[in-house]
Amino acid sequence: MEKVRVAVVGLGRVGSVFLNVLLKQHGSAVDLLAVAESNVEDPGCATARSMGIPVLTVAELLQRGSDLDIVFDLSGSEAVRRELREGLAGAHNSRTVIAPESVARLI
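Summarised in this report is the structure supplied together with it. (Residues numbered from 1 in each chain as written. Predicted model: local features only at pLDDT ≥ 70, side-chain atom pairs only at ≥ 80, totals over all residues. Heavy atoms only, no water.)

Some remarks on the pairing of strand E2 (residues 30-36)
Phase 1: The buried count for E2 comes to six of seven residues, which makes it a mostly enclosed element.
Phase 2: Both strand E1 (residues 4-9) and E2 contribute to a ladder of six bridges, which runs parallel. In the strand pairing of E2, Ala7 is matched with Ala34.
Phase 3: Across two bridges, E2 lies against strand E3 (residues 55-56) in parallel orientation. Across the sheet, the residue bridging to Ala36 is Leu56, located in E3. (Buried < 20%, exposed > 50% of the residue type's maximum accessible area, 1.4 Å probe, protein only. Helix = DSSP H or I, 4+ residues; strand = E, 2+ residues; numbered from the N terminus. Pairing = 2+ DSSP bridges.)

Printed below as a string of structure tokens:
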């Protein structure tokens, strides 16, 4: 089975819970390649680092290009959402999907 390569943007309350859910699947069905968070003091950042998952800025995450299948945007920020959309479009990346918080809650 092919693994889905994902990243999580925003490790606040919802993002940290979602990160822990993904970590249970990490290595089997999901490859969690990176997280992005502006507040590097968030507990979710420490969790990611302890698992060897890079903590990046959104700009650094966008440089990963089409390595990503899904970016879960849990930032709750319209500016971040716009940066993700414009960054992917500017890189002509039509492969990576941006999943909003509602999708993460469903999962």
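What to know about the sheet that holds strand E5 (residues 97-100)
Phase 1: The five strands lie next to each other as E3-E2-E1-E4-E5, forming an open sheet whose pairing is parallel. Either end of the sheet is taken by a strand with one partner, and the two such strands are E3 and E5.
Phase 2: In this sheet, strand E4 (residues 70-73) lies alongside E1 in parallel orientation, the contact comprising four bridges. Each bridged residue has a counterpart across the sheet, and for Val9 the counterpart in E4 is Asp73.
Phase 3: Contacts from helix H1 (residues 13-25) reach E1, E2 and E4 within the one sheet, and its direction differs from that of E2 by about 150°.
Phase 4: Where helix H4 (residues 78-90) meets the sheet, its contacts fall on E1, E4 and E5, and the angle it forms with E4 comes to roughly 160°. (Contact = heavy atoms within 4.5 Å. Axes fitted to C-alpha atoms, helices over the stretch in contact; angles between N-to-C directions.)

Observations concerning the packing of H1 against helix H2 (residues 43-50)
Phase 1: Across the interface, H1 lies against H2 with an axial gap of 9 Å and an inter-helix angle of 20°. With respect to H2, the element H1 is oriented roughly parallel. You can see that H1 and H2 cross each other, and the crossing is left-handed. Here H1 contributes Ser16, Leu19, Asn20 and Leu23 to the contact with H2, which in turn contributes Gly44, Thr47 and Ala48. (Parallel < 35°, antiparallel > 145°, perpendicular 65-115°, else oblique. Left-handed = near helix turned anticlockwise from the far one by under 90°.)

Things to note about the nonpolar core
Phase 1: Formed by 17 residues in total, the largest nonpolar core has its most connected members in Val8, Phe18, Leu19, Leu22, Leu32, Val35 and Phe72.
Phase 2: Breaking this core down by element, the ones donating at least two residues are E1, H1, E2 and H2.
Phase 3: Considering every element that reaches this core, the biggest residue donor is H1, with four residues.
Phase 4: Leu33, Val58, Leu62 and Leu68 belong to the second-largest nonpolar core, a separate cluster that totals 14 residues. (Core = buried A, V, L, I, M, F, W, Y, C linked by side-chain atoms within 4.5 Å.)

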